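Tertiary structure, described
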8 protein chains.
Amino acid sequence: MYQNKETKDTLSTAELGFAQIDLAREKRCGFPEVVYAEGKTTEAVLAIFEAQISHGIIPYATRVRPEQMEALKARFPEGVANAAARTFRLPARQGKKRGKIAVVTAGTSDAPVAEEAKETALWMGAEVVFIQDVGVAGPHRLVEKLPILLECQAAVVVAGMEGALPSVVGGFVPFPIVAVPTSVGYGANFGGLSALLGMLNSCASNVVVVNIDSGFKGGYVAAMIASQSKELASDEAES
Amino acid sequence: MYQNKETKDTLSTAELGFAQIDLAREKRCGFPEVVYAEGKTTEAVLAIFEAQISHGIIPYATRVRPEQMEALKARFPEGVANAAARTFRLPARQGKKRGKIAVVTAGTSDAPVAEEAKETALWMGAEVVFIQDVGVAGPHRLVEKLPILLECQAAVVVAGMEGALPSVVGGFVPFPIVAVPTSVGYGANFGGLSALLGMLNSCASNVVVVNIDSGFKGGYVAAMIASQSKELASDEAES
Amino acid sequence: MYQNKETKDTLSTAELGFAQIDLAREKRCGFPEVVYAEGKTTEAVLAIFEAQISHGIIPYATRVRPEQMEALKARFPEGVANAAARTFRLPARQGKKRGKIAVVTAGTSDAPVAEEAKETALWMGAEVVFIQDVGVAGPHRLVEKLPILLECQAAVVVAGMEGALPSVVGGFVPFPIVAVPTSVGYGANFGGLSALLGMLNSCASNVVVVNIDSGFKGGYVAAMIASQSKELASDEAES
Amino acid sequence: MYQNKETKDTLSTAELGFAQIDLAREKRCGFPEVVYAEGKTTEAVLAIFEAQISHGIIPYATRVRPEQMEALKARFPEGVANAAARTFRLPARQGKKRGKIAVVTAGTSDAPVAEEAKETALWMGAEVVFIQDVGVAGPHRLVEKLPILLECQAAVVVAGMEGALPSVVGGFVPFPIVAVPTSVGYGANFGGLSALLGMLNSCASNVVVVNIDSGFKGGYVAAMIASQSKELASDEAES
Amino acid sequence: MYQNKETKDTLSTAELGFAQIDLAREKRCGFPEVVYAEGKTTEAVLAIFEAQISHGIIPYATRVRPEQMEALKARFPEGVANAAARTFRLPARQGKKRGKIAVVTAGTSDAPVAEEAKETALWMGAEVVFIQDVGVAGPHRLVEKLPILLECQAAVVVAGMEGALPSVVGGFVPFPIVAVPTSVGYGANFGGLSALLGMLNSCASNVVVVNIDSGFKGGYVAAMIASQSKELASDEAES
Amino acid sequence: MYQNKETKDTLSTAELGFAQIDLAREKRCGFPEVVYAEGKTTEAVLAIFEAQISHGIIPYATRVRPEQMEALKARFPEGVANAAARTFRLPARQGKKRGKIAVVTAGTSDAPVAEEAKETALWMGAEVVFIQDVGVAGPHRLVEKLPILLECQAAVVVAGMEGALPSVVGGFVPFPIVAVPTSVGYGANFGGLSALLGMLNSCASNVVVVNIDSGFKGGYVAAMIASQSKELASDEAES
Amino acid sequence: MYQNKETKDTLSTAELGFAQIDLAREKRCGFPEVVYAEGKTTEAVLAIFEAQISHGIIPYATRVRPEQMEALKARFPEGVANAAARTFRLPARQGKKRGKIAVVTAGTSDAPVAEEAKETALWMGAEVVFIQDVGVAGPHRLVEKLPILLECQAAVVVAGMEGALPSVVGGFVPFPIVAVPTSVGYGANFGGLSALLGMLNSCASNVVVVNIDSGFKGGYVAAMIASQSKELASDEAES
Amino acid sequence: MYQNKETKDTLSTAELGFAQIDLAREKRCGFPEVVYAEGKTTEAVLAIFEAQISHGIIPYATRVRPEQMEALKARFPEGVANAAARTFRLPARQGKKRGKIAVVTAGTSDAPVAEEAKETALWMGAEVVFIQDVGVAGPHRLVEKLPILLECQAAVVVAGMEGALPSVVGGFVPFPIVAVPTSVGYGANFGGLSALLGMLNSCASNVVVVNIDSGFKGGYVAAMIASQSKELASDEAES
């Protein structure tokens, strides 16, 4: 049941034995399936990349372990490896950027998560502005960056500890903030719980939240918002 | 310090003694400040509404208590009161809708939170599609609604208990899902914690989360995304 | 006190000094005691296996450490070792299968827990169908597997992250689902808590839950249900 | 998409506006959809009952509020109301019982949850044995009841506080125990958390767990297991 | 043991039967014992007040219930009752103020806790500046108040929800911030837990924290710091 | 099974239908079964009292609701009712006291829990010394009471908030301290969790812990320890 | 202050610079201070042992690291080292045993914690009965051991997972049970939390609890109870 | 916006690419920015130190890793390295001490956190009194130290386990106590949670709390309080 001709397009699968690749994810959801490498063997990651490429998909892997990274670099020398972000991706097709997002961090320790957000958005074709170390204890540092920030259509704000930065950024901009809590901190941080709860309780109306340390999802949703933005549409009208 | 001519526009305040109204929120953030009525006296809510109106702001209040609601209806008979949502708003200016969103619920008990999301989006000028009672235990109910869902630019998905519905909806659509966990359930639901954790750990890449029972923020961010959407822009080009 | 002739049969014990083996577990509970190897020395595991064999019990060990596994393989070359599952068992007696169960996983990272469920059910004499990587974000993948699933008398559904898969499977089948939450995930997963709470709050009526990562108990109860099933009984009538 | 002729049977829905009734649940899952009355108006519950009856479904509602109960009794005088359990059901069709289960409680305070389990199983056609107040501090009380217990094909064991009873019962019987933690207790009971965790960590292999205070799900799964039991099948052969 | 002549002064007690009043608290700790009225009868509170007065102590009660408040006002008409703060105190001795503190709130709902902080500090002889509704989503509101804030020697910052305000205030001032988390909010606020964790993880070095909703302790410690301040000392030199 | 002649004595039961009374608890455990009234009807409590009396047991009930208390006082006018403790007991047999215990509280709000401990110990025949309001912030208050404290064979120490008092008392005495955490406090007290964790982590070696607000168990174990004490034995030698 | 002649005896201290040894602990509390080795250097442990010995104290150390153990064995060859318990003690003075306790475990993995309890009680002069592997899933194993158990004056019951064993033992004996939860288990065990909560909520009146894995405190309090027992006193009368 | 001439002084920044140094922190907040080394490369720490020195700031780093420590010692041989505290600082300018604080520990295992508090206060110019191992189980040890303690203007009290020491110290002194919970302990300590909750619920009015293991913040706020103290001011008048 559940199958007819139309289904073929939006629900086709490549059966690899140990995994079932969702070939129509891009058609259904706008972007292809991403490979979460953490629980997979190196061989599995390579096999999925090749299966995706053979179906015209540009692959992208997150949470790549060092030995997986080496194997990916050897097999796909044209790929882009980011050691801090633990990501590997094949380069996007040339063409117009699909919107612009900001990736903002509270402190230098939040960088790995921010890098994952950035790589994800780049793979999705977005332009990315990177604003680092503008935590709330030195509030003027953020204010200096407002002009660049206001050119974007969405922002990923990455913060650990009390996770207050998204609320502050949210009060200055007219677009959604995807807040990413990090596990940076110690003691009553409880592995990122303090930042997570802070962000969920944000008094700024335009702040939404993703999982602790999920730079991937932060970048994904921000880039998705930017890719469907009117700003972008009027840019296209100009070109 | 911090003040110069440009600031005047984006940072002006109306001092009411007990509260300081942020008059430039709309200019800075795209939409005016919303009145959270829960901790306020009826007099305070009325005073803020009148101050906002006198500055050309269309007011909107959430978490309105019954006695506040009566006073608001008496003072502003043209206003829109929604008892289930506990909201009161003055009607938006006539004009083209600013995008279309879906508000989707898992069960009938999630309705009050969904109503708050709907009212918020309507106040912001969005068109709202309401899809009720399509929880995951009867999966065909959602599938029947896919065509309407796919006409939107964002969706609010409201669910309690295990909070699985946003993941399932997310796998079918090419736009962001703002997931709203509700405190519907009992026992190991722990006041909405189960749905909240489920949504934060969603395996669908396009799912972001807001606070438990925060229909307001769900509707706000979904309508904000829709309001800046390319889809909408091309519609406008047509008009 | 508490002892009479009948007790001899259902309550006899083998005293090994460091442990007391429950010899009548099979008579009382249907299946023999299983050896949880984690907190035991290699010598203890070997001694228990030999004591069980000498009383006509077919032994089975879970959470076997690598050095224990080597010793078991050396001593009992006819045994079945499963490295992913960390289990070792002596082969079941030949004979008719005692029912059929499905072991279903949401993602490839759930495999080790699923393997433990499978081995447990095989040791108990059940037939096992293995369905991998059918998580809710690609919902058609499950639908394709429904025909095989519907031939079973019970299912073990293994999932981490939001743990939504058991609810979805539960809505399609007329038998109990034993849901096994896994610690797969990160951040607000909190070591499997998110999946555990999701499954406990499942909106599907036929979903019961066992401990995080307890593939053993998932397989045990599913196989127990299948072993006493009417379906099976009518099969037997046919044979 | 997703619809063809076969789907008609297993996926048909009755649209009531505020709710969508899953008419084919019984065909798909073995038993009809149950009405969770808590978040619904009295009118909604009555309307759903009538819609179900008109499609040949025998309705059953749980978590019924007193005013709903009165209305149900007035409209359906032949129905069975259980005030302690907060349930209302129309009587099952006459015919052979579908298996036998035990509902066992640790203390007298666990009775309401146990009553809900019992009513659910009766609605599903099971025979129910009720064993009360056999908590672990007086262990001989359980032992006296073993002969009746051993005639069943599954048991629901309801306990609050430390939740130890399912482990003890589990060690005496050859069938699955569905453990229902209750919120009975105080202090470090934390609303049933202590019993829930105790049951999830049960050292007995045949214990599975449902949500805190969920007598419904306990009774549902135990009756489902009993309904498909071989014991029962051989009984039928006799009849 | 433990008793000699010197002890008489710092360790004397008034035995009231149901309570033992610490008469030398002021000598030992700088300020007298405060009456926490919550768990006491009205008679007990009155008796303690009179015992304190008879020993030359100026009494002060917090968490006063309405019926206690009425009795206190009747017996001590010169006293200062604050209904919002739920406090009652006899007026301080005339004389120079003992330092100046600020009490700052994030939103109007935090007022009751802030009022308790204010009353406590007034009872201790401090001058109090009250700054309301300067939450982080409208950051300019705080900046406008900086000049008054900088005249203080300590600040109590009261905030619910994400609890970010103390961090922001802390980055602007050269004195300690006593952060008071409030239970204002809903959902993932978990009764003030989100604000508490946020404040404990504050990235500002000068932020310390007290119990949720403890306006009393916030005011107490801030006033104690101000009372021993150098600023104040130089003021005294001037007088 | 499990029954023989000896069992008759230690395992006999009175079956009341809704409850099974453990008649041999005193023989087995030293003291009779106690009636936990919270989840029972008034009729049930009366029936159990009469059944116990008819078997020569002196009954005692805890967590008695006001209407139950009235009924008990009417039926058993010789009984001892303690409204604060919510207990009702028939007077103990005349005779020598079975040891001496201290019940110590940190503050006046802890009194109800302490009263329950006291009543329990009196029912068990112990002599009870009551020491109130000696919390750690006024440390000399405890020191004054040391001589009386040192005449006991065990102590119950009742405290809320930070729960520090048992550690301090423990450092002064040569017998076990049964620490009872109370839910007195607010905010980060989390219903007694702070006191519970503090007591479990006590640095004093002789501190053991019971459930939050369980004055009953505190008094029970302290009186049990005192009843089997050598001190007592030598007293008996003297008499 | 606080010092007079009597104090000299009960409050004398040996100042070692990095630590202050409580020389009068034995006089005040019945037994000397115990050395918790975990956070100390090897040199510090040796120095404390020698200081204690020079004051006539028989030293005992817990949580001894391997390198500390080697140094202790070299310096004090007459000492008793227990590698499983991680304890080292000098032998007790010859003489009559000070009471008898039982140390009971649920499973073989609980042995290290039980060994620490045993060593502590032996150091304190108690006689210790060791009963292993009598967890509740095989309930007859405990019953067989009842006769030995009933010769004791207190018991330490050590269990992980659901922690049900103390409740069951408590129902059979007339003396206090000191329950020690262990971190044995996985998943929803949450590091011993499940056993801890289970034990705190025990339905048996004579069960008290100590910290997770605290074999030390379990053995300490049980031996303290036994040392002051009447049973013992009458033994002495006999001798 | 936000910038004018006055801002230059209080809001200037040094942009290092990977970090933005807050040059005016000392002018705004009284003390310079501190380098949290944990998430930084050795190169980054060295670069920040040199940038701070070039702007006339005396640098101080906490949570220094061993390889960072080596590099700092090599580059700045005049610096003060404290291995236990994991801190490195350049020596303060010569001159009068800025107040006196006490750093007090409950046990020897709390030393590393206490050392970090001490180093921080020394860097800030305070005089520091170090009082070790005065936990509440040996209460006379603290009393002996009272005279020294009473010469201070603030105290940092460091304790793990039940965290009771700050309450006890608080009851003896007329100045604020900054309580620092440590993660010292095991089991129900839950990584410092027990001490944290105990301190937040302290019954002493003058106790405020910082994050678990945050010796830094404890020392910082205590030294800040002391630096602005009247005591100090009158000292200065004397000089």
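Keep in mind that this is a model prediction, so the values were computed, not measured.

1. Focus on the overall build of chain A
A count of helices and strands for chain A gives 11 helices and 11 strands. Seen along its three principal axes, the alpha-carbon backbone of chain A occupies a region of about 55 × 45 × 40 Å. A buried classification covers 67% of the 239 residues belonging to chain A. For chain A, contacts bridging at least 24 residues in sequence account for 66% of all contacts bridging at least 6. For chain A, the exposed area adds up to about 7700 Å²; of that, 53% sits on carbon and sulfur atoms.

2. Section: the environment of G:Ile101
Residue and element names in this part refer to chain G. Looking at the element boundaries, Ile101 is found in strand 7 (residues 100-105). Residues Ile101 and Cys203 lie 102 residues apart in sequence; the distance between their C-alpha atoms is 22 Å. In this structure Ile101 touches Ala121, Glu127, Val128, Val129, Cys152, Ala154, Val156, Ala222, Ala223 and Ala226, once residues within four positions along its chain are discounted.

3. Considering the pairing of strand 7 (residues 100-105) of chain F
Residue and element names in this part refer to chain F. Most of strand 7 is tucked away: six of the six residues are buried. Side chains Lys100, Ala102 and Val104 of strand 7 all project onto a buried face; the interleaved residues Ile101, Val103 and Thr105 project onto the opposite face, where all are buried too. Sheet topology places strand 7 next to strand 8 (residues 127-131); five bridges connect them, and they run parallel. Within the sheet, the bridge partner assigned to Ala102 lies in strand 8 and is Val129. Taken together, strand 7, helix 5 (residues 111-123) and strand 8 form a β-α-β motif whose crossover is right-handed. Note that strand 7 and strand 9 (residues 154-159) share five bridges and pair parallel. Bridging from a neighbouring strand, Thr105 pairs with Val158 of strand 9.

4. Comments concerning the interface of chain E and chain H
The interface of chain E with chain H comprises 40 residues on the first partner and 41 residues on the second. Between chain E and chain H, roughly 3300 Å² of surface is buried when both sides are summed, and carbon and sulfur atoms account for 57% of that area. At the junction of chain E with chain H, the criterion picks out zero salt bridges. Summed over the shared surface of chain E and chain H, the result is 11 residue pairs in polar contact (both at pLDDT 80 or more). Mapped by element, the contributors of at least two residues to the side of chain E that touches chain H are helix 2 (25-29), helix 9 (193-200), strand 11 (207-209), helix 10 (215-227) and helix 11 (230-238) of chain E.

5. What about the packing of aromatic side chains?
Applying the stated criterion across every chain yields a total of 48 aromatic pairs over all chains. Measuring from ring centre to ring centre gives 6.1 Å for A:Phe49 and A:Phe88, while their planes differ by 45 degrees; the resulting arrangement is tilted. Placement of A:Phe49 in helix 3 (residues 42-54) and of A:Phe88 in strand 6 (residues 87-89) is noted, with a sequence separation of 39 residues between them. Each member of the pair, A:Phe49 as well as A:Phe88, carries the same accessibility label: buried. Their ring planes at 40 degrees and their centres at 5.5 Å tell us that F:Phe49 and F:Phe76 sit as a pair that is tilted.

6. Things to note about the arrangement of the chains
No interface is formed between chain C and chain E, the nearest pair of C-alpha atoms being 13 Å apart. Structurally, chain B and chain F remain out of contact, their C-alpha atoms never closer than 14 Å.

7. Comments concerning the relation of the copies chain A and chain B
Rotating chain A by 180 degrees and moving it 0.0 Å along the rotation axis overlays it on chain B with an RMSD of 0.0 Å. Both copies of the chain, as the preceding transformation shows, are related through a two-fold rotation axis. Both copies contact each other with a shared surface, as 98% of the interface residues of chain A are interface residues in chain B too.

8. Considerations on the relation of the copies chain E and chain H
Mapping chain E onto chain H is achieved by rotating through 180 degrees and translating by 0.0 Å along the same axis, at an RMSD of 0.0 Å. Comparing interface residues between copies, 100% of those in chain E also lie at the interface in chain H; the contact surface is shared.

9. Digging into the confidence of the model for chain A
Residue and element names in this part refer to chain A. Averaged over every residue, the pLDDT of chain A is 89; the share at 70 or more is 91%. Throughout residues 1-7 the model reports pLDDT below 50, and contacts reaching past four residues in sequence, or to other chains, amount to 22 contacts. Low pLDDT (under 50) marks residues 233-239, which in the prediction has six contacts with non-local residues, meaning those over four places away or in another chain. Scored by ipTM, the complex comes to 0.92, with pTM at 0.92.

10. So, the interface of chain A and chain B
Each side of the interface is counted separately: chain A has 41 residues, and chain B has 40 residues. Of the roughly 3300 Å² buried where chain A meets chain B, counting both sides, 58% is carbon and sulfur surface. Here chain A is connected to chain B by zero salt bridges. Put simply, chain A and chain B have 11 residue pairs in polar contact (both at pLDDT 80 or more) between them. Elements represented by at least two residues in the side of chain A that touches chain B include exactly helix 2 (25-29), helix 9 (193-200), strand 11 (207-209), helix 10 (215-227) and helix 11 (230-238) of chain A. Among the elements that make up the side of chain A that touches chain B, the one with the highest residue count is helix 10 of chain A (seven residues). Here the side of chain A that touches chain B is built from residues that sort into 23 nonpolar, 13 polar and five charged.

11. Overview of the state of the cysteines
For the coordinates displayed, the defined rule picks out zero disulfides over all chains. Its sulfur unpaired, E:Cys29 is 11 Å from the next cysteine sulfur, which belongs to H:Cys203. In this model G:Cys152 remains outside any disulfide bridge; the closest cysteine sulfur is found in F:Cys29, 15 Å from its own.

12. Re unusual backbone geometry
Within the chain, E:Phe190 stands out as a residue other than glycine whose phi angle is a positive 45 degrees. If you trace the backbone, E:Phe190 turns up in the loop between strand 10 (177-181) and helix 9. By relative accessible area, which is 28% here, E:Phe190 ends up partly exposed. Even without glycine at this site, F:Arg63 takes up a positive phi of about 50 degrees. With respect to the secondary-structure elements, F:Arg63 resides in the loop between strand 4 (60-62) and helix 4 (66-75). Overall, F:Arg63 belongs to the buried group, its relative accessible area being 8%.

13. Notes on helix 6 (residues 140-149) of chain C
Counting buried positions over the 10 residues of helix 6 of chain C gives seven, a clear majority of the element. For helix 6 of chain C, the complete set of buried residues consists of C:His140, C:Arg141, C:Leu142, C:Val143, C:Lys145, C:Leu146 and C:Leu149. Summarising the contacts, the buried residues of helix 6 of chain C are in contact with strand 1 (13-15), strand 2 (20-22) and helix 2 of chain A together with strand 7 (100-105), strand 8 (127-131) and helix 7 (165-170) of chain C.

14. Here we look at the sheet that holds strand 5 (residues 80-82) of chain C
Residues and elements named next belong to chain C. The strand order 3-4-6-5 describes an open sheet built from four strands, whose pairing is mixed. Only two strands of the sheet have a single neighbouring strand rather than two, namely strand 3 (35-36) and strand 5. Pairing between strand 3 and strand 4 (residues 60-62): two bridges, direction parallel. Bridge pairing in strand 4 places Tyr36 opposite Thr62.

15. Looking at helix 4 (residues 66-75) of chain D
Residue and element names in this part refer to chain D. Of the residues making up helix 4, those classed as buried are Gln68, Met69 and Leu72. Across the axial projection of helix 4, the buried residues extend over an arc of 100 degrees, all falling on one side. Exposed side of helix 4, more than 90 degrees from the buried face: Pro66 and Ala74 are the residues found there. Those residues of helix 4 hidden inside the fold are in contact with helix 3 (42-54), strand 5 (80-82) and strand 6 (87-89).

16. Quick word on the packing of helix 5 (residues 111-123) of chain E against helix 10 of chain E
Residues and elements named next belong to chain E. Helix 10 packs onto helix 5 with a crossing angle of 40 degrees between their chain directions and a minimal axis gap of 7 Å. Classified by the angle their axes make, helix 5 and helix 10 are oblique. Pair helix 5 / helix 10 crosses with right-handed handedness. For the pair helix 5 and helix 10, contact is made by Val113, Glu116, Ala117, Thr120 and Ala121 and by Gly215, Phe216, Gly219, Tyr220 and Ala223, respectively. Split by residue class, the contact of helix 5 with helix 10 holds six nonpolar, three polar and one charged.

17. Here we look at the side chain of D:Arg141
Relative to the elements of secondary structure, D:Arg141 occurs in helix 6 (residues 140-144). Separated by 3.4 Å, the side chain of D:Arg141 and the backbone oxygen of D:Gly135 make a polar contact. Here F:Gln20 takes part through its backbone oxygen, which lies 3.1 Å from a polar atom of the side chain of D:Arg141. The residues contacting D:Arg141, other than those within four sequence positions of it, are D:Asp133, D:Val134, D:Gly135, F:Thr13, F:Gln20, F:Asp22 and F:Glu33.

Calculation rules
- Each chain has its residues counted from 1, following the order in which its sequence is written.
- Chains and ligands are labelled sequentially in the order written, the chains with letters from A and the ligands with numbers from 1.
- For this predicted model, a pLDDT threshold of at least 70 governs which residues receive local features, and a threshold of 80 or more governs which side-chain atom pairs are given and counted, while totals over whole chains, interfaces and linings are taken from all residues.
- The basis for the side-chain values is all heavy atoms of the structure; hydrogens and waters are excluded.
- Secondary structure is summarised from DSSP: a helix means a run of H or I of at least four residues, a strand means a run of E of at least two, and numbering begins at the N terminus for each.
- For the exposure calls, accessible area comes from a 1.4 Å probe over protein chains only, and a residue counts as buried if that area is under 20% of its type's maximum, exposed if over 50%, partly exposed in between.
- The contact criterion used is simple: two residues touch if any of their non-hydrogen atoms lie within 4.5 Å.
- With residues, only the protein chains shown are counted as cover, and all accessible areas are computed by Shrake-Rupley using a 1.4 Å probe.
- Two strands qualify as a pair provided DSSP detects at least 2 bridges between them.
- Orienting the strands away from the viewer, one traces the path from the first strand over the helix to the second; a clockwise path indicates a right-handed crossover.
- Accessible area that two parts lose when put together, with a 1.4 Å probe and added across both, is what the buried area reports.
- By definition, a salt bridge exists where a carboxyl oxygen of Asp or Glu is found within 4 Å of a side-chain nitrogen of Lys or Arg.
- Nitrogen and oxygen atoms within 3.5 Å of one another constitute a polar contact, given that in protein one can donate a hydrogen and the other can accept it, and given that sequence-neighbouring residues count only through two side-chain atoms.
- Any Phe, Tyr or Trp ring, taking Trp's six-membered ring, that has another such ring centre within 6.5 Å forms a pair; planes under 30 degrees apart are called stacked, those over 60 apart edge-to-face, and the others tilted.
- Copies are brought into register by a least-squares superposition over C-alpha atoms of residues with pLDDT of at least 70 in both.
- Confidence per residue, as judged by the predictor, is encoded in pLDDT with a range of 0 to 100.
- Each residue receives one of three labels: charged for Asp, Glu, Lys and Arg, nonpolar for Ala, Val, Leu, Ile, Met, Phe, Trp, Tyr, Cys and Pro, and polar for the others, Gly being one of them.
- Here, a disulfide means two cysteine sulfur atoms that sit within 2.5 Å of each other.
- To obtain the arc, one takes the directions from the helix axis to the C-beta atoms.
- For helices, the fitted line uses only the C-alpha atoms of the stretch in contact; every axis is such a line through C-alpha atoms, and the angle between N-to-C directions lies from 0 to 180 degrees.
- Small angles under 35 degrees read as roughly parallel and large ones over 145 as roughly antiparallel, with 65 to 115 read as roughly perpendicular and the rest as oblique.
- Crossing chirality is assigned from the near helix's rotation relative to the far helix, an anticlockwise turn below a right angle marking it left-handed and a clockwise turn marking it right-handed.

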